[in-house]
Amino acid sequence: MKLFDSELKVMDALWKRGDQSAGQLAKVLKEETGWNRNTTYTVIKKCIEKGAISRYGTKFMCKALISREEVQQSETNELVEKMFGGSYEKFFAAFLNEGYLSQEEIEKLKKIVGETK
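The rules behind the values
- Residues numbered from 1 in each chain as written.
- Predicted model: local features only at pLDDT ≥ 70, side-chain atom pairs only at ≥ 80, totals over all residues.
- Heavy atoms only, no water.
- UniProt positions renumbered as here; feature names shortened; annotations may be inferred.
- Pairing = 2+ DSSP bridges.
- Helix = DSSP H or I, 4+ residues; strand = E, 2+ residues; numbered from the N terminus.
- Contact = heavy atoms within 4.5 Å.
- Axes fitted to C-alpha atoms, helices over the stretch in contact; angles between N-to-C directions.
- Phe/Tyr/Trp six-rings, centres within 6.5 Å; stacked < 30°, edge-to-face > 60°.

By the naming in an unreviewed UniProt entry, the protein chain is Penicillin-binding protein, taken from Anaerocolumna chitinilytica. According to the UniProt record, the Sequence similarities (unreviewed entry) comment for the protein chain is "Belongs to the BlaI transcriptional regulatory family."

Pasting the structure below:
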C-alpha cells in the first residue's frame with residue numbers, strides 16, 4: 001500500500017497514540033502540522049478508502065489497520081526495486097561504499113545478517 005506524506009502523518013498519530021476520534025486527530029495534527037480540521041478529515045477519508053484506517057462508533061473513531069512495520073517494508077521494497085533494480089545487495093552496498101554508516105552500524109548489520117536464515 002502506497003501512502004503519501006500527508007497520510008503518513010495521520011497514520012503516525014494513530015501508531016503513537018492508538019485509536020482516536022477524528023476530532024482528536026484534528027487537534028493533534030493542528031498542533032504538529034498546522035492543518036485545519038477539514039484537511040485532517042480529508043486525509044483520514046483517503047486513508048479509509050485505501051484500507052489503512054477503519055472508522056467505528058458514533059464519535060468517528062479511527063483505528064490503524066496496517067502497522068508501521070508493514071508500511072516500512074512496503075516503502076523499502078519499492079525503493080529497492082525502483083533505485084536498485086530489486087537488488088538488496090546493491091542497496092546495502094550504496095550505504096557502505098558512500099560512508100553513510102558508522103563502524104558500529106556496520107557491525108550491527110553484520111550481526112543481523114548473521115542471524116538471518
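Engineer: Any details on the sheet that holds strand β3 (residues 61–64)? Residues and values, ideally.
Structural biologist: Consider a sheet: its strands pair through backbone hydrogen bonds, and that pairing is either parallel or antiparallel. Strand order in the open sheet made by the 3 strands is β1-β3-β2, with antiparallel pairing throughout. A strand with exactly one partner marks an edge of an open sheet, and here the two such strands are β1 (20–21) and β2 (53–56). Here helix α1 (residues 5–17) sits on the sheet and contacts β1, β2 and β3; the angle it forms with β3, its principal contact strand, is near 85°.

Engineer: Which residues make up the pairing of β2, and what are the values?
Structural biologist: Where β2 and β3 come together, 4 bridges link them in antiparallel fashion. Its bridge partner being in β3, arginine 55 is matched across the sheet by cysteine 62. Once β2 ends, the chain turns through 4 residues before running back antiparallel as β3, passing glycine 57 with a positive phi of about 75°.

Engineer: Explain the packing of aromatic side chains to me, using residue names and the numbers behind them.
Structural biologist: One pass over the full model with this rule turns up 4 aromatic pairs. One aromatic cluster is present, formed by Phe84, Tyr88, Phe91 and Phe92 through successive ring pairs.

Engineer: Tell me what's going on with the pairing of β3, and back it up with residues and numbers.
Structural biologist: Bridge count for β1 against β3 is 2 bridges, and the pairing is antiparallel. Among the inter-strand pairings, glutamine 20 is bridged to a residue of β3, identified as cysteine 62.

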